[in-house]
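Here is how the chains run, residue by residue.
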Amino acid sequence: MYVPPSEPNEFLDGRVQVNFLAMQNYQAIQAKDGAFRPEDETQSDGFGRLRVNLMFKFKITDNITADIDIAEEPNDFGNNGDRDFSFHQDFAGIEFDLFGLTKYEKENASLILRVGNIGASPFQFKGFQDGADNQGNALIGNGITDYATAENGIQLSYSESFDSGVLRAYNVAGHMTTSSFGEAFQEDRGYNYRLQGTLEFAGGFKAGLNFFKANQGDQLVFNDGVASLDGVTTTNYRFGDGENYNFSASASSERDTHVGALPGLNQSIMQLNLAYQPSDQSSLILMLGKASDDYTFADTQGNAVAGITYFGAEGVLDPAGTTFDSNQVIEADSSVEYWVVEAQQYIIEDTFYVAARYAEAENTSNLIEQTDNEVTRLQVSAGYWINDRTLWKVEYVDQDEGVNSGGQIGAGFDGITSEISVKF
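For the structure given in this document, a descriptive report is provided here. (Residues numbered from 1 in each chain as written. Predicted model: local features only at pLDDT ≥ 70, side-chain atom pairs only at ≥ 80, totals over all residues. Heavy atoms only, no water.)

**Observations regarding the side chain of N373**
Stage number 1. Residue placement: N373 occurs in the loop between β20 (352–363) and β21 (374–387).
Stage number 2. You can call N373 buried: its relative accessible area is 6%.
Stage number 3. In this structure the side chain of N373 is engaged in a polar contact, spanning 3.2 Å, whose partner is the side chain of Q370.
Stage number 4. Those residues in contact with N373 that lie beyond four places of it in its chain are A361, E362, N363, N404 and S405. (Helix = DSSP H or I, 4+ residues; strand = E, 2+ residues; numbered from the N terminus. Buried < 20%, exposed > 50% of the residue type's maximum accessible area, 1.4 Å probe, protein only. Polar contact = N/O pair within 3.5 Å; in protein donor to acceptor, adjacent residues only side chain to side chain. Contact = heavy atoms within 4.5 Å.)

Below is the structure:
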């Protein structure tokens, strides 16, 4: 029996829901002259690996559900020489409806406790791309400062909606996670915390505020003012989730298209999100934020470097040298200030849309020279729904990276990329 995409595929009298997603991408992208790795400046165009997600949701009781997303996602699990063609647990958890379990009744309100993988990001109201799960994202890939990931922990979320009035809904959520998608129990490994609030108003106006805080710095052991990151668990959101822009000098799972200025130890993020979404045919979103850390990347001699990737000779900062990824930090404040604007508009209702995103991030770290210190990215995209399950997207992307920006490609990149995806 045909099931419309707005409804889940249900089995066992609705106790099991299943969705299958697949996406194929194509790119013709080159790094700009001055890239950290010269081979990235002349790449072949071509097709990436197929991304596949299989999502299950289980209704254990009326008030307990469990979910799991199993993915073959090379930009998350593509190491091992890109030979690891296997499914992995990409996101899973158990959710408890506390009002239902305690028999407490409150109209149009819910209190949900989630344990397991906790998805977190400081942005709201816009789409996010995770493997084949891309149809909620008007553009291709994620932003240079999305700082999104999933870790292990607990989350409590309260939501309430109203049938009339200026305020139509609000949500407050908080979580505590460990800085690992696996397991990490070493001495002095701290926790990551998030507090998030969202307001939705009549007429399509929305506002949200997010605060993240991590305390992983106590793991560091300093020698002459320099500490190695060997054996240290850092926050997964120091870069954000993997993107579908890939470079020949990098492994599939590298995060080297994001801003790489923060080590992710005592990292904090504050971000304000504003949106005007009068209908599902149009959207305008503004994001303003600052991310900071108590530590700064350094070379092997303790000289501060603008980001994890830098030019050097034998591991020492040298603008005329080769390329290194920093594995050392020093105690010094690092920070990135950023803003993003994103818009989407359907030209043909529910069928054809255009979208754009512009992002600007400034490396404001204390020991980094405050000139030529910005990363900017422009994305212009079009999407066409071939049918209600199949979306084809085409995008032009142009990223510029200043010498002191913390950009990880070296000078930026530009080109054309495309994706076609199905969801069942």
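**So, the nonpolar core**
Stage number 1. Ranked by internal contacts, the top residues of the largest apolar core, which has 22 residues, are Y147, V259, I269, V336 and Y338.
Stage number 2. Taken together, the elements giving at least two residues each to this core come down to β11 (205–214), β14 (268–279), β15 (282–298), β19 (328–348) and β20.
Stage number 3. Within the second largest apolar cluster, twelve residues are counted, among which are L229, V232, F239 and I308. (Core = buried A, V, L, I, M, F, W, Y, C linked by side-chain atoms within 4.5 Å.)

**Overview of unusual backbone geometry**
A negative phi holds for most residues other than glycine; trans holds for most peptide bonds.
Stage number 1. Despite not being glycine, F125 shows a phi value in the positive range, around 75°.
Stage number 2. Among the structural elements, F125 can be located in the loop between β7 (109–120) and β8 (149–161).
Stage number 3. A positive phi angle, close to 55°, is found at D224, a residue other than glycine.
Stage number 4. Residue placement: D224 occurs in the loop between β12 (222–223) and β13 (226–228).
Stage number 5. On the basis of relative accessibility, which here comes to 77%, the residue D224 falls in the exposed class.

**Some points on the packing of aromatic side chains**
Stage number 1. Enumeration over the complete set of coordinates arrives at 18 aromatic pairs.
Stage number 2. Between Y191 and Y193, the aromatic rings sit 6.4 Å apart at their centres with planes inclined by 50°, giving tilted as the arrangement.
Stage number 3. Taking relative accessible area as the criterion, Y193 reaches 35% and is therefore assigned partly exposed.
Stage number 4. Feature note: the residues F99, Y104, Y158, F162 and Y170 constitute an aromatic cluster, connected by ring pairs.
Stage number 5. Note that K126 overlies the ring of F123, its terminal NZ or CZ placed 4.2 Å from the centroid.
Stage number 6. Its guanidinium or amino end placed over the ring of Y191, R189 lies 5.0 Å from that ring's centre, counting from NZ or CZ. (Phe/Tyr/Trp six-rings, centres within 6.5 Å; stacked < 30°, edge-to-face > 60°. Lys NZ or Arg CZ within 6 Å of the ring centre and 35° of its normal.)

That's the geometry; what it means functionally is another story.
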